[in-house]
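# Secondary and tertiary structure notes
Here is how the chains run, residue by residue.
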Amino acid sequence: MRKTRTTLSDGRTLIYYEGAEGAGPAAGGPVREHADPRGLSPVATRSERRHDRLLDEWVVVASHRQGRTHLPPADQCPLCPSAPGRATEIPAPDYQVAVFENRFPALSGPGGGRCEVVCFSPDHHASYADLGPARARTVLAALADRTAELAVLPGVEQVFCFENRGPEIGVTLTHPHGQVYALPVLTPRTRRMLDTVARHHRATGRNLFDEVRDEALADGRRVVAAGEHWSAFVPEAARWPYEVHLYPHRRVPDLPALTGSEQAELAVLQLDLLGRLDRLFPTPAPYISAWHQAPVRTGRELYALHLELFTTRRAADRLKYPAGTESGMGQFINDIAPEQAAAALREA
């Protein structure tokens, strides 16, 4: 993989990644010829961390994000390649995968952390499922590289890679892209999983992540797809109508720990799962695709890298809203049985 680093006019870092598809206009020397002409003022955003003492959880306050770009028309998209008369966040006229620091970061200043945007394709109207295995593998290699580089920054405790798709999820840009957050704290979900897995290991000597995966495979009814290195299944206690977890057969802590063979199969299986989601309904499914990686400094020997993919759509014309019990009390109620969801995904 070719990696080319440059700088935007306000000092933010921009990195181009090119994989097995071959060198293109954004590769090597030419990419440095495309400087950012916008003359942006330096980013001066500040987020704040506040501690909820009753729940022992951190909340990030990022009021500057109220002014961020919101669903612009396609000809004003800041993630498309630059063109004559239209300069964007990507100065080059073409690219494979591009990563840059967010100009409206949720994490910044005294709150700590870093937020990056990952552009999967120069095609504004594409989706991750359209990428093809070679481009998907370049995206995964970029995420692994960003995880490794951000994990060593001072104060970073966890690196979270994710994609939101669809206005129903709340995306503000429709161009195919994901994000990487270098978090200064462990998220509540990660911390809770670590506690549970550690208690289970002390009591049984076994790894709970491994047990959850192996029990799903042995049962079979909730399995959606499986390969030599990875398996995808609907969790037994799924919270969302159609929710799939993708686990490697070899427990590893994070994306940088994957072998070339594991990464290659992952690219294919991830595309397969996203295609199945889209085929469930007459219109593209809104979804969240979230990589759960081990924290930087704790629990790495027990934690298991896995992808959690889910849609908020429960029928062609209905969404699952986290309403009273979910948002108010954290008690999820699912309208679709996990076995039923798995069968529908297998048939898709």
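For the structure given in this document, a descriptive report is provided here. Quantities reported herein were computed from a predicted structural model and do not represent experimental measurements. (Residues numbered from 1 in each chain as written. Predicted model: local features only at pLDDT ≥ 70, side-chain atom pairs only at ≥ 80, totals over all residues. Heavy atoms only, no water.)

## Notes on the packing of aromatic side chains
For clarity, the threshold we go by: Ring pairs shown here join Phe, Tyr and Trp side chains whose ring centres sit within 6.5 Å, with only the six-membered ring taken for Trp; geometry is labelled stacked below 30 degrees between planes, edge-to-face above 60, and tilted in between. Helical segments are the DSSP runs of H or I of at least four residues, strand segments are the runs of E of at least two, and each set is numbered from the N terminus. Exposure classes here rest on a 1.4 Å probe applied to the protein chains alone. A residue is buried below 20% of its type maximum, exposed above 50%, and partly exposed in between. Counted as over-ring charges are cases with an Arg CZ or a Lys NZ within 6 Å of the ring centre that also lie within 35 degrees of the ring normal.
Throughout the structure, instances matching the rule amount to nine aromatic pairs. Between Trp240 and Phe310 the ring centres are 4.8 Å apart and the planes differ by 5 degrees, which places this aromatic pair in the stacked class. Of this pair, Trp240 sits in the loop between strand 10 (230-233) and strand 11 (242-248) while Phe310 sits in strand 13 (residues 306-311), and the two are 70 residues apart along the sequence. Of the two residues examined, Trp240 and Phe310, each falls in the buried class. On the numbers, 5.3 Å between centres and 70 degrees between planes, the contact of Trp240 with Phe332 is edge-to-face. Of this pair, Trp240 sits in the loop between strand 10 and strand 11 while Phe332 is found in the loop between helix 6 (324-329) and helix 7 (338-347), placing the two residues 92 residues apart along the sequence. The ring centre of Phe332 lies 5.8 Å from the NZ or CZ of Arg239, which sits over that ring.

## Description of the side chain of His124
Under the convention used in this document: Throughout this description, a polar contact denotes any pair of N or O atoms lying within 3.5 Å of each other; where both atoms belong to protein, one of them has to be capable of donating a hydrogen while the other can accept it, and for residues adjacent in sequence the pair is counted only when both atoms sit in side chains. Throughout, a contact is declared for two residues whenever any of their heavy atoms are within 4.5 Å.
As for its placement among the helices and strands, His124 is situated in the loop between strand 6 (114-119) and helix 2 (133-151). The class of His124 is buried, set by a relative accessible area of 11%. A polar atom in the side chain of His124 sits 3.4 Å from the side chain of Thr174. For His124, the residues in contact, after removing those within four places along its chain, are Ala74, Cys77, Cys80, Thr174, His175 and Pro176.

## Describing the sheet that holds strand 10
The condition that has to hold: Between any two strands, at least two bridges found by DSSP are needed for them to pair. Angles run from 0 to 180 degrees between N-to-C directions of axes, and those axes are lines fitted to C-alpha atoms, restricted for helices to the stretch in contact.
Spatially, 11 strands are ordered 1-2-5-6-8-7-12-13-11-10-9 in an open sheet, and the strand pairing comes out antiparallel. The two strands at the open ends of the sheet, each matched to only one other strand, are strand 1 (2-7) and strand 9 (223-226). Looking at each pair of strands side by side, their axes are set apart by 20 degrees on average, direction ignored. Relative to strand 5 (residues 97-101), strand 2 (residues 13-18) is paired through four bridges, and the arrangement is antiparallel.

## A short note on the packing of helix 3 (residues 188-204) against helix 4 (residues 208-219)
How we decide: Between 65 and 115 degrees an angle is taken as roughly perpendicular, under 35 as roughly parallel, over 145 as roughly antiparallel, and anywhere else as oblique. Amino acids are sorted into nonpolar (Ala, Val, Leu, Ile, Met, Phe, Trp, Tyr, Cys and Pro), charged (Asp, Glu, Lys and Arg) and polar (every other residue, Gly among them).
Across the interface, helix 3 lies against helix 4 with an axial gap of 9 Å and an inter-helix angle of 90 degrees. In terms of their interaxial angle, helix 3 and helix 4 are classed as roughly perpendicular. Packed against helix 3, whose contacting residues are Met193, Thr196, Val197 and His200, the element helix 4 presents Leu208, Phe209 and Glu211 at the interface. Counted by class, the contact of helix 3 with helix 4 contains four nonpolar, two polar and one charged residues.

## Description of the packing of helix 2 against helix 5 (residues 260-279)
Condition: Crossings are sorted by hand: turned counterclockwise from the far helix by less than a right angle, the near helix makes the crossing left-handed, and turned clockwise it makes it right-handed.
At their nearest, the axes of helix 2 and helix 5 sit 9 Å apart, and the two run at 120 degrees to each other. Accordingly, the angle class assigned to the pair helix 2 and helix 5 is oblique. Considering how the two elements wind past one another, helix 2 and helix 5 form a crossing that is right-handed. Residues Pro133, Ala136, Arg137, Leu140 and Ala141 of helix 2 form the contact with helix 5, whose own contacting residues are Gly260, Gln263, Ala264, Leu266, Ala267, Val268, Gln270 and Leu271. Classifying every residue of the contact of helix 2 with helix 5 gives nine nonpolar, three polar and one charged.

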